[in-house]
Amino acid sequence: EVQLVESGGGLVQAGGSLRLSCTASGILFDDYNIGWFRQAPGKEREGISCINSRDGATYYADSVKGRFTISSDNAKNTVYLQMTGLKPEDTAVYYCAVDRFYEVWTLATKINPDYWGQGTQVTVSS
């Protein structure tokens, strides 16, 4: 059984920071893209960021580039998303996800990742 468990969400003021964590069980971060989606009420799911466990290549959506940093600890089967300069527009449920193909994060077509978690709420007040 593969499980992804997110943590670190919460309420923060605009300009503040949060760090999200995602720990996987039942799967090893050996050759996967691991990262984050978010979905705000009434909006489509948005691929935010991912990192490749093999070569460390990263992807960031334009909306978060320069503010968010993704990292991973393969030995701990954990991926992190350090979020700084948070804006009210960042308010959403953030979902951890794992997929063999990073295109899951970039394609307009909303393809479900191989695995994803239950999500953690991030709320940014103005």
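What you see is a predicted model, and the numbers here were worked out from it, not measured in a lab.

Got a minute to help me understand the overall build of the protein in this structure?
The secondary structure content of the protein amounts to 1 helix and 11 strands. In sequence order, the protein lays out its α and β elements as β-β-β-β-β-β-β-β-β-α-β-β. Relative to a compact globule of 126 residues, whose C-alpha radius of gyration would be 14 Å, the protein shows 13 Å and is just as compact. Each principal axis of the C-alpha atoms in the protein carries an extent, and together these give about 40 × 30 × 25 Å. Counting the 126 residues in the protein, one finds 43% classified as buried. Of the contacts formed within the protein by residues at least 6 apart in sequence, a portion of 58% connects residues at least 24 apart.

What exactly am I supposed to notice about the pattern of salt bridges here?
Opposite charge on two side chains permits them to pair, given that their charged atoms come into close proximity. Inspection of every chain in the model, using the stated rule, returns 6 salt bridges. Ionic pairing is found between E46 and R38, a salt bridge with its closest N-O pair at 2.9 Å. A salt bridge links K65 to D62; the shortest N-O distance between them is 3.3 Å. Judged on exposure class, the residue K65 and its partner D62 are both exposed. It is possible to trace a salt-bridge network through shared partners that takes in R38, E46, R67 and D90.

Looking at this model, I keep getting lost on the state of the cysteines. Mind explaining?
By definition, a disulfide links the sulfur atoms of two cysteines through a covalent bond. As enumerated under the stated definition, the model contains 1 disulfide in all. The disulfide bridge from C22 ends at C96, spanning 1.9 Å between sulfur atoms. Here the disulfide of C22 and C96 is left-handed, its torsion about the S-S bond being about -80 degrees. One end of the pair, C22, is in strand β3 (residues 18-25); the other, C96, is in strand β9 (residues 92-99), with 74 residues separating them in the sequence. Of the cysteine sulfurs around C50, a residue in no disulfide, the closest is that of C96, at 11 Å. Taking relative accessible area as the criterion, C50 reaches 2% and is therefore assigned buried.

Looking at this model, I keep getting lost on the nonpolar core. Mind explaining?
Inside soluble globular proteins, nonpolar side chains tend to come together where they are buried. Of all hydrophobic cores here, the largest spans 29 residues; its most connected members are W36, F68, V79, L81, M83 and Y94. At the level of secondary structure, the elements contributing two or more residues to this core comprise β3, β4 (33-39), β5 (46-52), β7 (68-73), β8 (78-83), β9 and β11 (120-125). Those residues within four positions of M83 in sequence are excluded, and the remaining contacts are G16, S17, L18, L20, R67, F68, Y94 and V122. Membership of the second largest hydrophobic core comes to 5 residues, among which are C50, A97, V104 and W105.

I keep staring at the sheet that holds β8 and nothing clicks. Help me out?
In any sheet, the strands associate via hydrogen bonds between backbone groups, in a parallel or an antiparallel arrangement. Overall, antiparallel pairing links the 4 strands, which are arranged β1-β3-β8-β7 in an open sheet. On the outer flanks of this sheet lie β1 (3-7) and β7, each paired with one strand and no other. The mean inter-strand angle of the sheet, taken between neighbouring strand axes irrespective of direction, is 15 degrees. Bridging between β7 and β8 involves 6 bridges; their strand directions are antiparallel.

Quick notes on the rules
- Residues numbered from 1 in each chain as written.
- Predicted model: local features only at pLDDT ≥ 70, side-chain atom pairs only at ≥ 80, totals over all residues.
- Heavy atoms only, no water.
- Helix = DSSP H or I, 4+ residues; strand = E, 2+ residues; numbered from the N terminus.
- Rg over C-alpha atoms; globule rule 2.2 N^0.38 Å.
- Buried < 20%, exposed > 50% of the residue type's maximum accessible area, 1.4 Å probe, protein only.
- Contact = heavy atoms within 4.5 Å.
- Salt bridge = Lys/Arg side-chain N within 4 Å of Asp/Glu carboxyl O.
- Disulfide = S-S within 2.5 Å.
- Core = buried A, V, L, I, M, F, W, Y, C linked by side-chain atoms within 4.5 Å.
- Pairing = 2+ DSSP bridges.
- Axes fitted to C-alpha atoms, helices over the stretch in contact; angles between N-to-C directions.

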